[in-house]
Amino acid sequence: MDRRKKLLLFLGLMCTLNTCMPLCDNGMKKEGTQCVDVNECDETPGLCGSHAQCFNTMGSFYCQCQSGFMNINGNITFTAFDGQCKDENECDSDVEVCGRMADCINLIGSFRCICQFGYANTSSTRDCLDIDECEQAENRKEDICGSKGSCKNLNGSYSCKCAKGYTNYGNERTPCSKVDCETFDASSAASQHYVGLADLLSTMRNSCMALSNPNTSHGNKADGDALLERLLTASETILSSANVDTSEDMFGLLSTMENAIRLIGPQLRSNRTSMGSNETAVEIAVQKGRSPPTGPIHLRTENSALDTDWATAAATEAYPGFAMAALLSYHNLERSVNHSFDKLQGFEKDGLEPTFEIFSRVVSVVVSNPFTQNLSNPVILTLKHLQNKSEARYICAYWNDRGAWATDGCHQQTSNATHTVCGCAHLSSFAVLMAHYPVDQSFAVQLITKIGLMLSLLCLSLCILTFKFCRSIHGTRTTIHLHLCICLFIADLIFLVGIFQTKSEGGCRFIAAMLHLFFLGVFAWMLLEGVQLYRMVVLVFDATIRPLYLFLFGYGAPLVIVTVSAMIRPKGYGTEEHCWLSVKDGLIWSFYGPVCVIIFLNVFFFIVTVWKLAQKFSSLNPDLSKLNKLKVFTVTAIAQMCILGLMWIFGAFLFRKGSIVVEYIFTILNSLQGALVFIMHCLLCKQVREEYYNFFSWICSSKQRHFDYRSANPSSSQSQGSRSGQNTGESHI
């Protein structure tokens, strides 16, 4: 009974709970005793994905794509589990979305309409309307068709109609430019000397007349590419049989080719055209538009290259609506123009006039700009040599209107064995010339120099040995002569070995500095000799000079001069032709300045010395032996000064461009100075001759004593002779 009551109580309780706390459906939540809607869009941001909007409903939600997007399943509404938004391409879904004469561009979630060329959207409607370019140009006072062109508006465009004698080269929206068809004159003098040139001129003239005649239909106007092909074919016939009679004829041929390229270029369809034949090759670049083009231009053929810019190629004053640049290379024309070099000047070397030879292909540069005589930015031409040759002088030249090669306005930038780079401030036909210099004279001078200097070095060696070991003449004067000969010996040796060693710049500068030092040393010791003679004549007692003072001046003064010169102008040591002081920057005066001062001082000392000697000879009791010795010293010193001074007077003109006679005189004097010093200071000196006599007498007596000893010992001689005979097969005599 109790158990039944408990069960009934439990069932009543469960019934009561089910009535008071009911369960809520999906999308609802319990608030108090009621079920309310859950806003899924707020509670879960991004529930519908990107480019979609979330909409809440009672107990649920749904998604819709934003404008410009669509559900991938095609339904307008969807949930996060059965849909996704993607971009809708309005341009494909509605071809008329932008209206007429407009292009549709799809964007992410949208689209944009752009009016076609010649149209604009100037109203509230979506249609693009035609622009009247002629009216706009007139309002802005622009001359879009040129001074001799009339503008006609078209639907979406305009066209220019040119007057007679003017053309826009078939480009209707290009200003009219004047063409001079008279440049293609088939009766010119040049056409009479070249087979096929008259036909080429006639073809170009007919094409020019058709272009400049407004009544000629487009069908009767030649195509630019076809015209270029005909030009190269005709030029092959002309150049293969060319027989140049005059330079003017060659100028006429080159002008015809350049004018034809200038006429054909704007008619080409492509922006860059390359074409060639057996005789020529050409590359042409063309840019068209209402505004002048900018940027660099690089054109290339097999044997040449051109670097310039569009500002140079385009006309600066009246832009014709296009710009053109062309590089035309001739394969064999150098044979026909390998002459007319007589106008070239300023290329002498060591007083010798060179001969010239064309050493590259001839090329022509053509641009649409008619003002090319003084370019602000020079064109850069790279020309390949006909042969590889490194040690040569290359010259950038052009063919002028007088039918001759010239160099003004062109200069060589760099050069090697295979190519030369030229910069030119005007346009024409160009080539690289090679200068040939005669070498027979310089070879003869070098031969005389080598033979003479070797003789001079031999004599100076004898002088040095004599002054060093001949004790009877030792003294201050002999010390001066010894070091004068040492300086002259070293200078001549360096001159013989290194004066022409110009390949190494550093080595050449060192050689020039050493020559500067030791030649100055020769003159410094020569000045000391003049001072010593003066002291011997004027100062009767204590005429000697301490060796320390001699060395300080004889070597110290030249060293100071060379050091200061090298610090001030180090690049003045060494030139392109010789390892000596440069004449151009004035460094040569660091040698000639001290030399002139020394010669002037020596002349002063010698005049005073001779005057004092004359006074002593006229005195009552002259010491004739001493005075005669001083007289000999003075004469030899003056003769020595004259030889060295005269040599360097001619040496002042040696390293300049002058007469070859000066070079021969300097070479002879330079070669003989060692021999003359040996004769004057050794052979003409009685004491030295006696020493030589004693020396050779001692040698001869030694040989005689040796011979007598051998004669007094015949057994020894026989035994030696027997051994010698056994070894050599000959009897000892």
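Our structure's up above, just so we're on the same page.
Another aspect to go through is the overall build of the protein. A tally of helices and strands in the protein yields 17 helices and 28 strands. Taking the intrachain contacts of the protein between residues at least 6 apart in sequence as the baseline, contacts between residues at least 24 apart amount to 62%. If you sum the accessible surface of the protein, you get close to 40500 Å²; carbon and sulfur atoms cover 57% of it.

Once that is clear, we can look at a nonpolar patch on the surface. Among the surface-exposed residues, I448, L455, L458, L462, L465, F469, I668, L672, L676, I679, L683 and L684 lie close enough to one another that they form a single nonpolar patch of about 1000 Å² accessible area. Those elements that place two or more of their residues in the nonpolar patch are helix 9 (440-469) and helix 15 (660-683). Per-element tally for the nonpolar patch: the top contributor is helix 9, with 6 residues. Along the polypeptide, I668 turns up in helix 15.

Taken as a whole and judged by the stated rule, the model has 14 disulfides. Across the disulfide from C181 sits C208; the S-S distance is 2.0 Å. The S-S bond linking C181 to C208 shows a torsion near -85°; that makes this disulfide left-handed. On the criterion of sequence distance, the pair formed by C181 in the loop between strand 15 (177-178) and helix 5 (197-212) and C208 in helix 5 is long-range, its members being 27 residues apart. On the accessibility criterion, C208 (2% relative accessible area) is buried. The disulfide partner of C508 is C579, and the S-S distance across this bridge is 2.3 Å. The disulfide joining C508 to C579 has a torsion of about -125° about its S-S bond and is therefore left-handed. One end of the pair, C508, is in helix 11 (residues 505-538); the other, C579, is in the loop between helix 12 (547-568) and helix 13 (589-617), with 71 residues separating them in the sequence.

Unusually for a residue other than glycine, H51 sits at a positive phi of about 60°. By the element assignment, H51 lies in the loop between helix 2 (40-43) and strand 3 (52-57). Backbone geometry places K141, a non-glycine residue, at a positive phi of 60°. The topology assignment puts K141 in the loop between helix 4 (133-139) and strand 12 (149-154). On the basis of relative accessibility, which here comes to 78%, the residue K141 falls in the exposed class.

This part covers the sheet that holds strand 18 (residues 296-300). Spatial strand order, 18-19-23-27-26: 5 strands in an open sheet with antiparallel pairing. Two strands lie at the open edges of the sheet, namely strand 18 and strand 26 (410-415), each paired on one side alone. Geometrically, the sheet is characterised by an average inter-axis angle of 20° between neighbouring strands, direction not taken into account. Relative to strand 27 (residues 419-424), strand 26 runs antiparallel, the two being bridged by 5 bridges. Opposite T414, over in strand 27, you have V421 as the bridge partner.

It is worth spelling out the packing of helix 10 (residues 476-498) against helix 12 at this point. Running from N to C, helix 10 and helix 12 point in directions that differ by 25°, and their axes come no closer than 12 Å. In terms of orientation, helix 10 lies roughly parallel with respect to helix 12. For the crossing formed where helix 10 meets helix 12, the hand is right-handed. Residue-level contacts link T476, T479, I480, H483, I486 and C487 of helix 10 to L550, F551 and Y555 of helix 12. Tallied by class, the residues present in the contact of helix 10 with helix 12 amount to 6 nonpolar, 3 polar and no charged.

With that out of the way, let us pick up the pattern of salt bridges. In the structure shown here, the tally under the stated rule is 8 salt bridges. A salt bridge links R205 to E182; its shortest N-O distance comes to 3.4 Å. Pair noted here: R205 is in helix 5 and E182 is in the loop between strand 15 and helix 5, with a separation of 23 residues, a long-range link. Taking the relative accessible area as the measure of exposure, R205 reaches 27% and is therefore partly exposed. With its nearest N and O atoms 2.7 Å apart, the salt bridge here joins E505 to R509.

An α-helical segment advances 3.6 residues per turn. Residues three or four places apart therefore align on the same side. Here helix 12 contains 22 residues, and its C-alpha end-to-end distance of 31 Å stays within 8% of the 32 Å for a straight helix at 1.5 Å per residue. G556 marks the point of greatest bend in helix 12, at about 30°, and the proline P558 comes within the next four residues. Those residues of helix 12 not exposed but buried are L550, G554, P558, V562 and S565.

Looking at the secondary structure, you find G554 in helix 12. For G554, a relative accessible area of 0% corresponds to the buried category. Separated by 26 residues in the primary sequence, G554 and L528 have C-alpha atoms spaced 7.6 Å apart. Residues contacting G554, with those up to four places away along its chain left out, are G521, A524, W525 and L528.

Both the distance between ring centres and the angle between the ring planes are used here to describe each pair of aromatic rings. For the coordinates displayed, the defined rule picks out 12 aromatic pairs. An angle of 70° between the planes, with centres 6.1 Å apart, marks the rings of W525 and F551 as edge-to-face. Of this pair, W525 sits in helix 11 while F551 sits in helix 12, and the two are 26 residues apart along the sequence. Given a relative accessible area of 0%, W525 falls into the buried group. Here F591 and Y592 contribute two aromatic rings whose centre-to-centre distance is 5.3 Å and whose plane-to-plane angle is 80°, an arrangement assigned as edge-to-face. Grouping residues by exposure puts F591 and Y592 together as buried. An aromatic cluster of three or more residues is present, and its members are F519, F523, W580, W589, F591 and Y592.

Mapped onto the secondary structure, S177 falls in strand 15. On the basis of relative accessibility, which here comes to 16%, the residue S177 falls in the buried class. Among all residues touching S177, those that are not within four sequence positions of it are G165, Y166, T167 and P320.

Along the polypeptide, S157 turns up in strand 13 (residues 157-162). Relative accessible area serves as the criterion here: at 13%, S157 is assigned to the buried category. There is a polar contact of 3.1 Å between the side chain of S157 and the side chain of R173. Discounting chain neighbours no more than four positions away, the residues touching S157 are D130, E133 and R173.

Put simply, helix 5 and helix 6 (residues 224-240) touch, their axes get as near as 9 Å, and they point 165° apart. Relative to helix 6, the element helix 5 lies roughly antiparallel. Handedness of the crossing formed by helix 5 with helix 6: left-handed. Contacts from L197, L200, T203, M204 and S207 of helix 5 reach helix 6 at L227, R230, L231, A234 and I238. Here the contact of helix 5 with helix 6 is built from residues that sort into 7 nonpolar, 2 polar and 1 charged.

Each value, and the rule that gives it
- Residues numbered from 1 in each chain as written.
- Predicted model: local features only at pLDDT ≥ 70, side-chain atom pairs only at ≥ 80, totals over all residues.
- Heavy atoms only, no water.
- Helix = DSSP H or I, 4+ residues; strand = E, 2+ residues; numbered from the N terminus.
- Contact = heavy atoms within 4.5 Å.
- Areas by Shrake-Rupley, 256 points an atom, 1.4 Å probe, with all protein chains shown as cover.
- Patch = residues over 30% accessible without salt bridge, like charges linked within 9 Å, V, L, I, M, F, W, Y side chains within 5 Å.
- Salt bridge = Lys/Arg side-chain N within 4 Å of Asp/Glu carboxyl O.
- Disulfide = S-S within 2.5 Å.
- Buried < 20%, exposed > 50% of the residue type's maximum accessible area, 1.4 Å probe, protein only.
- Pairing = 2+ DSSP bridges.
- Axes fitted to C-alpha atoms, helices over the stretch in contact; angles between N-to-C directions.
- Parallel < 35°, antiparallel > 145°, perpendicular 65-115°, else oblique.
- Left-handed = near helix turned anticlockwise from the far one by under 90°.
- Nonpolar A, V, L, I, M, F, W, Y, C, P; charged D, E, K, R; others polar.
- Expected span 1.5 Å × (residues − 1).
- Bend = angle between axes of the 7 residues up to and from the residue.
- Phe/Tyr/Trp six-rings, centres within 6.5 Å; stacked < 30°, edge-to-face > 60°.
- Polar contact = N/O pair within 3.5 Å; in protein donor to acceptor, adjacent residues only side chain to side chain.

Honestly, that's just the spatial picture; any functional story needs more than this.
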